[in-house]
Structure formats: C-alpha cells, structure tokens
Amino acid sequence: MIYDFHTHTFFSDGVSSPIELIRFAYAYGYGCIGISDHASYSNMDQLIESIRRDCELAEKYWDIKAVPGVELTNVPAGSIDQMEKDAKKPGAMLVVVHGETIVEEVEEGTNMAAVSSKHVDLLAHPGLLTPEEAKLAVENDIYIEITSRTGHNLCNGRVVKIGRDAGVKFLINSDSHCHNDLYRGDFKREVAFGSGLDEKEYEEIIKVNQQGFLKKIGYS
Ligand SMILES: [Zn+2]
Ligand SMILES: [Zn+2]
C-alpha cells in the first residue's frame, strides 16, 4: 500500500479536484493520500473546507485514508508558528511547510521556523538542510520529506545524509500536481534508493514512520 502525504489539486496549482486525484490514487494502489494545497491566510479557510468534503466522500465509499491538509507556501518565515495553529482550527489535519528548496525564493529562516514550531507536522523539500535544523526536527517530532518532485529533489542526497546523522524521521512524498505524478509500481522505492537510503531505512519509513505520522496528526 502506498502512502503519500503531499499532493496538490486545482484548489491551488494542481490540475484535478481532490476527489479526482484520490480516485487515481486509489486505483494505483494507495492506502493513504494527504491533500496539502498551497495556503496562506488568503485562502486557507475555503481550501480546508473544500478538501475536507472530498476526503470525507472518498472515505465513505472507498477503502482509502484521505487526509485534508495544507502546505504553507512562501509565507513569511516569522508567521509560520501562528499560521500553523490557525490552519488547524478550520480542520486541517495535516500541516506541511514548503521548505527552502533551492529552485525557488523561499525566505531564509523558513526551515528553522518550521522545525522550531510545535505545530508543524512535516517539513517538505528542505533544500540545504543544516545539522541544527535536523536536530530541532528530531526534538520537536517534525518529519522531514524526501521528495520525487523535479527540482526540489536535487537536495535529497544531502537531506538523507544530514537527516540520518541527526536521527530524523523521513517520509517519501510525491508532491503531485497531477495524477501522472502519483506513485505507481516500485517508483517510491526507487526514489528512496536513488536518494541514498538503504533497504533498512526504506523499510522503516514504510513500516514505522508512515503509521507514526498518522498517529502524530491524530488520524484515526
Ligand atoms: Zn512545496
Ligand atoms: Zn507541494
């Protein structure tokens, strides 16, 4: 069963509705999909309400976990801690922070703000992750993403190396913007090995971290 906690729909810059994306995911063998559209204060309330409705619809009729969330994207680093709290109020179960990928202009300090917050669940594509950021992520129980998204994935090798030394809990996510980006077959495993994770580390993500993450975000 494939678990993937980071995807986008047409409520931000993806191409499908939440239910369409969930339908493809289910057909491709997903057991769990997190919908985490780009959010800030301008759109988070409507976004969460809309995503939540399709997640509930999917779970009513299909055997898949569909988790409504947001990805706080290119927001001021200083606003992240409070914004995380504010995203949980209208019902986001999953709050992702769009980390300091080297292919965008994410504000410096975003990674540090994310791993210092008690309310963040997942730091996505952190780019040039530092040992200090990795250490704080461990202390605050914040998961760090290995991504298959083109461009963001340029730093996977470093994220694995620095994260491993600190004892970080990794998740592997697709950051899908279209159903063609979703995992199929062995692709997720290949991304893991291509990023430098070994068999044992991959198994731990699949058998321990994914379930631990669901428990952390209060999914039942
Ligand atoms: Zn992102
Ligand atoms: Zn994303």
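Predicted model, so just to flag it, every value in this text is computed and none were measured.

Conventions we followed
- Residues numbered from 1 in each chain as written.
- Chains lettered and ligands numbered in written order.
- Predicted model: local features only at pLDDT ≥ 70, side-chain atom pairs only at ≥ 80, totals over all residues.
- Heavy atoms only, no water.
- Phe/Tyr/Trp six-rings, centres within 6.5 Å; stacked < 30°, edge-to-face > 60°.
- Helix = DSSP H or I, 4+ residues; strand = E, 2+ residues; numbered from the N terminus.
- Buried < 20%, exposed > 50% of the residue type's maximum accessible area, 1.4 Å probe, protein only.
- Axes fitted to C-alpha atoms, helices over the stretch in contact; angles between N-to-C directions.
- Parallel < 35°, antiparallel > 145°, perpendicular 65-115°, else oblique.
- Left-handed = near helix turned anticlockwise from the far one by under 90°.
- Contact = heavy atoms within 4.5 Å.
- Nonpolar A, V, L, I, M, F, W, Y, C, P; charged D, E, K, R; others polar.
- Donors = N, O, S within 2.8 Å, 3.2 Å for Na, K, Ca; no water.
- Tetrahedral: all angles 85-135°; square planar, octahedral: opposite > 155°, others 65-115°.
- Salt bridge = Lys/Arg side-chain N within 4 Å of Asp/Glu carboxyl O.
- Arc of directions from axis to C-beta.
- Pairing = 2+ DSSP bridges.

A.B. asks: In this structure, what is going on with the packing of aromatic side chains? I would like to understand it.
C.D. replies: For any two aromatic rings, the description comes down to two numbers: the centre-to-centre distance and the angle of the planes. For the structure on display, the rule yields eight aromatic pairs. When the ring of Phe5 is compared with that of Phe213, the centres are 4.8 Å apart and the planes differ by 70°; the resulting orientation is edge-to-face. With Phe5 in the loop between strand 1 (2-4) and helix 1 (18-27) and Phe213 in helix 8 (residues 199-216), the pair connects residues that are 208 residues apart, well separated along the chain. The same class applies to Phe5 as to Phe213, namely buried. Ring centres of Tyr143 and Phe213 lie 4.9 Å apart, and the angle between their planes is 70°; on these two criteria the pair is classed as edge-to-face.

A.B. asks: Can you walk me through the packing of helix 5 (residues 131-139) against helix 6 (residues 156-166) in this structure?
C.D. replies: The geometry of a pair of packed helices is captured by two quantities: the angle between their axes and the separation between those axes. Contact pair helix 5 / helix 6: the axes reach a minimum separation of 9 Å and the direction vectors enclose 50°. As far as their axial angle goes, helix 6 and helix 5 are oblique. With respect to the hand of their crossing, helix 5 and helix 6 are arranged in right-handed fashion. In this structure, helix 5 contributes Pro131, Ala134, Lys135 and Val138 to the contact, and helix 6 contributes Ile162, Gly163 and Ala166. Its residues assigned to classes, the contact of helix 5 with helix 6 comprises five nonpolar, one polar and one charged.

A.B. asks: Just to check I follow, could you spell out the coordination of the zinc ion (ligand 2) for this structure?
C.D. replies: Six octahedral donors around a metal ideally subtend angles of 90 or 180 degrees, whereas four tetrahedral donors ideally subtend 109.5 degrees. At this site the zinc ion (ligand 2) is bound by His6 (NE2), His8 (NE2), Glu71 (OE) and Asp175 (OD), with donor distances of 2.0 to 2.3 Å. One way to put it: the four donor atoms around the zinc ion (ligand 2) meet at angles of 84 to 171°, and that makes the site irregular. We note that the donor set of the zinc ion (ligand 2) lies within a single chain, spaced as H-x1-H-x62-E-x103-D. Taken as an interatomic distance, the gap from the zinc ion (ligand 2) to the zinc ion (ligand 1) is 3.2 Å; Glu71 donates to each of them.

A.B. asks: Teacher, can you tell me more about the coordination of the zinc ion (ligand 1) here?
C.D. replies: Donor atoms from the polypeptide that bind the zinc ion (ligand 1) are Glu71 (OE), His98 (ND1) and His125 (NE2), placed at 2.0 to 2.1 Å. Residue classification places Glu71 among the buried positions, given a relative accessible area of 0%. For His125, a relative accessible area of 1% translates into the label buried.

A.B. asks: What's the story with the pattern of salt bridges in this structure? I'm lost.
C.D. replies: Pairs can form between side chains of opposite charge once their charged atoms are near each other. Tallying each qualifying case throughout the model produces eleven salt bridges. Ionic pairing is found between Asp181 and Arg149, a salt bridge with its closest N-O pair at 3.6 Å. Within this pair, whereas Asp181 is found in the loop between strand 7 (170-173) and helix 7 (187-194), its partner Arg149 is found in the loop between strand 6 (143-147) and helix 6, the two being separated by 32 residues in sequence. One salt-bridge network, in which partners are shared between bridges, spans Glu49, Arg52, Arg53 and Glu56.

A.B. asks: Help me understand the environment of Ser36 in this model?
C.D. replies: With respect to the helices and strands, Ser36 occurs in strand 2 (residues 30-39). Residues Ser36 and Glu71, 35 residues apart in the sequence, show an inter-C-alpha distance of 5.1 Å. Residues contacting Ser36, with those up to four places away along its chain left out, are Phe5, His6, Thr7, His8, Gly69, Val70, Glu71 and Val96.

A.B. asks: Teacher, can you tell me more about helix 1 here?
C.D. replies: Given 3.6 residues per turn, any residue in an α-helix points the same way as the ones three and four places further on. Along helix 1, the positions that sit buried rather than exposed are Pro18, Leu21, Ile22 and Ala25. The arc enclosing the buried residues of helix 1, seen along the axis, measures out at 100°, which places them on a common side. Just past helix 1, the residue Gly29 takes up positive phi, approximately 95°.

A.B. asks: Looking at this model, I keep getting lost on the sheet that holds strand 6. Mind explaining?
C.D. replies: Across a sheet, paired strands are connected by hydrogen bonds in the backbone, their directions being either parallel or antiparallel. With respect to topology, seven strands assemble into an open sheet ordered 1-2-3-4-5-6-7, the strand pairing being parallel. Looking along the sheet, the strands with just one partner apiece sit at the ends: strand 1 and strand 7. Across the sheet, the mean angle from the axis of one strand to that of its neighbour is 30°, orientation sign disregarded. Running over the sheet, helix 1 touches strand 2 and strand 3 (65-72) and is turned about 150° from strand 2. Where helix 3 (residues 80-88) meets the sheet, its contacts fall on strand 3 and strand 4 (94-98), and the angle it forms with strand 4 comes to roughly 150°.

Keep in mind these values describe shape, not function.
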